[in-house]
Amino acid sequence: MSGTDQAHPQAAQAPAGRVELAITGMTCASCANRIERKLNKMDGVTATVNYATEKAQVEYTDGVSAEDLVAQVEKAGYGAALPAPVSRGADADPGGEAHRDDPVAPLRDRTVISLVLSVPVIAMAMVPALQFTYWQWLSLTLAAPVLVWGALPFHTAAWKNLKQGTATMDTLVSMGTLAAFLWSLYALFFGTAGTPGMVHPFELTVARGEGAGNIYLEVAAGVTSFILLGRYFEARSKRRAGAALRALMEMGAKDVAVLRGGAEVRVPVEELAVGDVFIVRPGEKIATDGVVEEGTSAVDMSMLTGESVPVEVAPGAQVAGATVNSGGRITVRAARVGSDTQLAQMARMVEEAQNGKARIQRLADRVSGVFVPIVILLAIGTLAFWLITGAGATAAFTAAVAVLIIACPCALGLATPTALMVGTGRGAQMGILIKGPEVLESTRRIDTVVLDKTGTVTTGTMVLSEVHTAGGQDERELLRLAGALEDASEHPIARAIAKGAAQRAGDLPTVEDFANQEGLGVQGVVEGHLVLVGRTALLQEWSQALPEGLRRAKEEAEAKGRTAVAVGWDGAARGVLVVSDTVKPTSAEAVRRFRDLGLAPVLLTGDTTAVAESVAAEVGIDRVIAEVLPQDKVAKVRELQEEGRAVAMVGDGVNDAAALAQADLGLAMGTGTDVAIEAGDLTLVRGDLRAAADAIRLSRRTLRTIKGNLFWAFAYNTAALPLAAAGLLNPMIAGAAMAFSSVFVVGNSLRLRRFRAADPS
């Protein structure tokens, strides 16, 4: 088996204790259930197999190797391989879906050809007016390719299952269609169905009779085509679900300028290795995660975090792949490449969410595992009952075939994975990464949302908020001179002052003899004035003490947790500029959305009570927990849980990791670190707090879709089986209804693609 050959060379590279296998050969949910049971029978192995994504998540002990896992899958009659490492750029292959020929194309061709051949067969069987002399032989000519070639995947899977002593939904399809086809051959060649002028009335109910004069070619061809159509829609939905993942991976750089032997060499990004030093010029994407070696710049993180304000970096600062260097030229040493980068981790989280299983799905898997043998027994019992009661072979055969066809629990197997795939894929497009399907169940219980302040409710970036001038000093002149000096600096506080000054005072003059005083501030000559901007210590070195009014304004600002910068020139202190973090313009709207979802918001911060209450009042939060040390945040979350609350925690992840893990539902803002991604259940790529409300809404909507799918799948099988056993369903109608149930489930799941963020109005 090719799966073995593909997997073995990579087996040694698999992470100890956990591996993801790409499974081939599955045709239904029962196949996934069977592989899962085979793997879980191995000592020290815990496996979860998902039919929709064709992946197996396997955890194993040291006594088990990847080769053992692959061999076990192949013993079950399927293929297995370790997926290729996650790459970056245009060649990225997330979820095994490369930019190669459309993998759905062969199934589409098989479906289209089968439908084209089946339509005339069904039409002639249903409309007596079309039943011309020898019409039955034309039906055989058209139906035979459908049964032999169109249904080949079902027959192959059924034979494979038979050799293993098991049965799946493919067994039902193969048995039902072959029984209809073989009976038709018997009637045509050995009965009276082949005689010229034979007519075949279309009836939903079963008429008692001999049966040697009836053919069921429309059943064999129609059921095959309907089921192929359902599986085509299913495969197409899986392909669409992977589109968001591919788009995410395409964000990365395609090539990189690496320093080798003192010279720059442009190489594909896939050739970059840990420890390589590469150059990033202004406007270029950073090729991979790394540490700045030389140069200073501002990095646009919006591709990963949604934050529009670039982050200042200097030697020693960490940078992430796929972000854009919007400032100066920097030299970066690669720290993580390939599947270890932050971008690859985000993509892997989406895929793992689709590979996982919620408790609600495991119920469907267990039902699928025992459903097939029960249905076969029911079909045999139906056949025997009709024969014993003297209904005749036709009635008995028709009812038994209808049972086999109507029972195919495809809809049951598709109910959860299709909704999960579409829901998580839509979330990825919106910047919402759902870590696992169990998260969906957690969102249902949440009644309290705890919000970190800095970086979550507030921007986490500085803006010029207050201007205090000494007696008689013109405010506009203060802003022009101080703003001009700060505009020459790359420091975040300096950028905030320069931006605020330009907005309030207009164009800024040029600076001469600019100098940075490490740890104190900056100085330079602006319009003939030697201007100082920075700490009071810098001004004191030039004998420029703050007058009482400015000193008091500075102390008041600092008491509120804000940053105060002194400004002086020509031998005197001229003013104090206050820079502070500001509330995000969307935070108040986000809080309103939380309340609409039935969630009580709580503000949790390490800032002073005065600052926290000011922010809380601005966004509409009633309960504030302030002056909390980072290590104590988890205790505060636990206290809320002890009050009987189900708590969701939203934080930027730097100091909130433990609290995110403690909460019933952790939502990490995309501005956070890898720790946040690992600790949280949901990661919000955008820095917009409204995304947290959208994430909870999407999770709840996906859960409702899963429940709806399961209800209709269970109800369909429960209601249809007795009708089929009673002989009240023609096998072709049964096949059409069965296929329609699968299409309905897939279509219902695809409605999640239309999920939109709540209207701000």
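Residues numbered from 1 in each chain as written. Predicted model: local features only at pLDDT ≥ 70, side-chain atom pairs only at ≥ 80, totals over all residues. Heavy atoms only, no water.

Observations concerning helix α20 (residues 548–559)
Link 1 in the chain: Taking 1.5 Å of rise per residue, 12 residues should cover 16 Å, and α20 covers 16 Å from first to last C-alpha, within 8% of that figure.
Link 2 in the chain: For α20, the complete set of buried residues consists of Leu550, Ala553, Lys554 and Ala557. Angularly, the buried residues of α20 cover 100° about the axis, an arc narrow enough to put them on a single face.
Link 3 in the chain: The inward-facing, buried residues of α20 abut β16 (458–469), α19 (536–541), β20 (563–569) and β21 (572–583). (Helix = DSSP H or I, 4+ residues; strand = E, 2+ residues; numbered from the N terminus. Expected span 1.5 Å × (residues − 1). Buried < 20%, exposed > 50% of the residue type's maximum accessible area, 1.4 Å probe, protein only. Arc of directions from axis to C-beta. Contact = heavy atoms within 4.5 Å.)

Some points on unusual backbone geometry
Link 1 in the chain: You will see that serine 543, though not glycine, has its phi angle at about 60°, which is positive.
Link 2 in the chain: As for its position among the elements, serine 543 is in the loop between α19 and α20.
Link 3 in the chain: You can call serine 543 exposed: its relative accessible area is 64%.

Some details on the UniProt feature "transmembrane region" (unreviewed entry) in the protein chain
Link 1 in the chain: When the UniProt feature table is mapped onto this chain numbering, "transmembrane region" (unreviewed entry) sits at residues 112–131, 137–159, 171–193, 213–233, 367–388, 394–416, 709–726 and 732–750.
Link 2 in the chain: Within the segment residues 112–131, helix and strand shares are 75% and 0% respectively, and the terminal C-alpha atoms sit 24 Å apart.
Link 3 in the chain: Here residues 171–193 runs as 83% helix and 0% strand, with 28 Å between its end C-alpha atoms. (UniProt positions renumbered as here; feature names shortened; annotations may be inferred.)

Examining the packing of helix α5 (residues 135–150) against helix α6 (residues 152–163)
Link 1 in the chain: Relative to each other, α5 and α6 sit at 45°, their axes nearing to 5 Å. Between α5 and α6, the angle falls in the class oblique. Contact residues: Leu147, Val148, Trp149 and Gly150 in α5; Leu152, Pro153 and His155 in α6. (Axes fitted to C-alpha atoms, helices over the stretch in contact; angles between N-to-C directions. Parallel < 35°, antiparallel > 145°, perpendicular 65-115°, else oblique.)

Thoughts on the confidence of the model for the protein chain
Low pLDDT means the predicted coordinates in that region are not meant to be read closely.
Link 1 in the chain: Averaged over every residue, the pLDDT of the protein chain is 78; the share at 70 or more is 79%.
Link 2 in the chain: Across the protein chain, element-level confidence peaks in α5 with a mean pLDDT of 94 and bottoms out in helix α1 (residues 2–11) with 37.
Link 3 in the chain: In the model, residues 1–15 has pLDDT below 50 throughout and makes 27 contacts with residues more than four positions away in sequence or in other chains.
Link 4 in the chain: This model gives residues 305–309 a pLDDT under 50, and the stretch forms 16 contacts once residues within four places in sequence are excluded. (pLDDT = per-residue confidence, 0-100.)

Some thoughts on the packing of aromatic side chains
Link 1 in the chain: In this structure the tally under the stated criterion is five aromatic pairs.
Link 2 in the chain: Residues tryptophan 712 and phenylalanine 744 carry aromatic rings whose centres are separated by 6.2 Å and whose planes lie at 80° to one another, so their mutual orientation is edge-to-face. With a gap of 32 residues between them, tryptophan 712 in helix α26 (residues 690–725) and phenylalanine 744 in helix α27 (residues 731–750) connect regions that are remote in the sequence.
Link 3 in the chain: On the basis of relative accessibility, which here comes to 34%, the residue phenylalanine 744 falls in the partly exposed class.
Link 4 in the chain: Three or more aromatic residues joined by ring pairs make a cluster, and in this case those are Trp183, Tyr186 and Phe190.
Link 5 in the chain: Of note, arginine 110 hangs over the ring of tryptophan 149, and the distance from its end group to the ring centre comes to 4.8 Å. (Phe/Tyr/Trp six-rings, centres within 6.5 Å; stacked < 30°, edge-to-face > 60°. Lys NZ or Arg CZ within 6 Å of the ring centre and 35° of its normal.)

Considering the sheet that holds strand β23 (residues 623–625)
Link 1 in the chain: Strand order in the open sheet formed by seven strands is β14-β26-β25-β24-β15-β22-β23, with mixed pairing between adjacent strands. Because the sheet does not close on itself, it has two edges, and the strands there are β14 (432–434) and β23. Averaged over all adjacent pairs, the angle separating strand axes in this sheet is 20°, with direction ignored.
Link 2 in the chain: Of the strand pairs in this sheet, strand β15 (residues 448–452) and strand β22 (residues 600–604) are connected by five bridges, and their pairing is parallel. Looking across to β22, one finds that aspartate 452 is bridged to leucine 604.
Link 3 in the chain: On the sheet, helix α23 (residues 633–642) packs against β15, β22, β23 and β24 (647–651) and is oriented at approximately 155° with respect to β24. (Pairing = 2+ DSSP bridges.)

With respect to the nonpolar core
It is characteristic of soluble globular proteins that their nonpolar side chains tend to be buried jointly.
Link 1 in the chain: Residues Leu451, Phe594 and Leu667 are the most contacted members of the largest nonpolar core, which totals 50 residues.
Link 2 in the chain: Residue contributions to this core peak at nine residues, all from α26.
Link 3 in the chain: Excluding residues within four positions of it along the chain, leucine 451 makes contact with Val457, Val591, Phe594, Val602, Leu603, Leu604, Ile621, Val650 and Leu689.
Link 4 in the chain: Counting residues in each nonpolar core, the second largest holds 29 residues, with Leu217, Val219, Ala220 and Phe397 among its members. (Core = buried A, V, L, I, M, F, W, Y, C linked by side-chain atoms within 4.5 Å.)

Topic: a nonpolar patch on the surface
Link 1 in the chain: On the surface, Phe711, Trp712, Phe740 and Phe744 cluster together into a nonpolar patch covering about 470 Å² of accessible area.
Link 2 in the chain: Breaking the nonpolar patch down by element, the ones donating at least two residues are α26 and α27. (Patch = residues over 30% accessible without salt bridge, like charges linked within 9 Å, V, L, I, M, F, W, Y side chains within 5 Å. Areas by Shrake-Rupley, 256 points an atom, 1.4 Å probe, with all protein chains shown as cover. Salt bridge = Lys/Arg side-chain N within 4 Å of Asp/Glu carboxyl O.)

Points about the packing of helix α17 (residues 475–487) against helix α18 (residues 492–505)
Link 1 in the chain: Look at α17 against α18: their axes get within 8 Å of each other, and the N-to-C directions meet at 140°. Considering their axes alone, α17 and α18 lie oblique with respect to each other. The way α17 lies across α18 gives a crossing that is left-handed. Contacts between α17 and α18 pair Glu475, Arg476, Leu479, Arg480, Gly483, Glu486 and Asp487 from the former with Ala494, Ile497, Ala498, Ala501, Arg504 and Ala505 from the latter.
Link 2 in the chain: Grouping the amino acids of the contact of α17 with α18 by side-chain chemistry returns six nonpolar, one polar and six charged. (Left-handed = near helix turned anticlockwise from the far one by under 90°. Nonpolar A, V, L, I, M, F, W, Y, C, P; charged D, E, K, R; others polar.)

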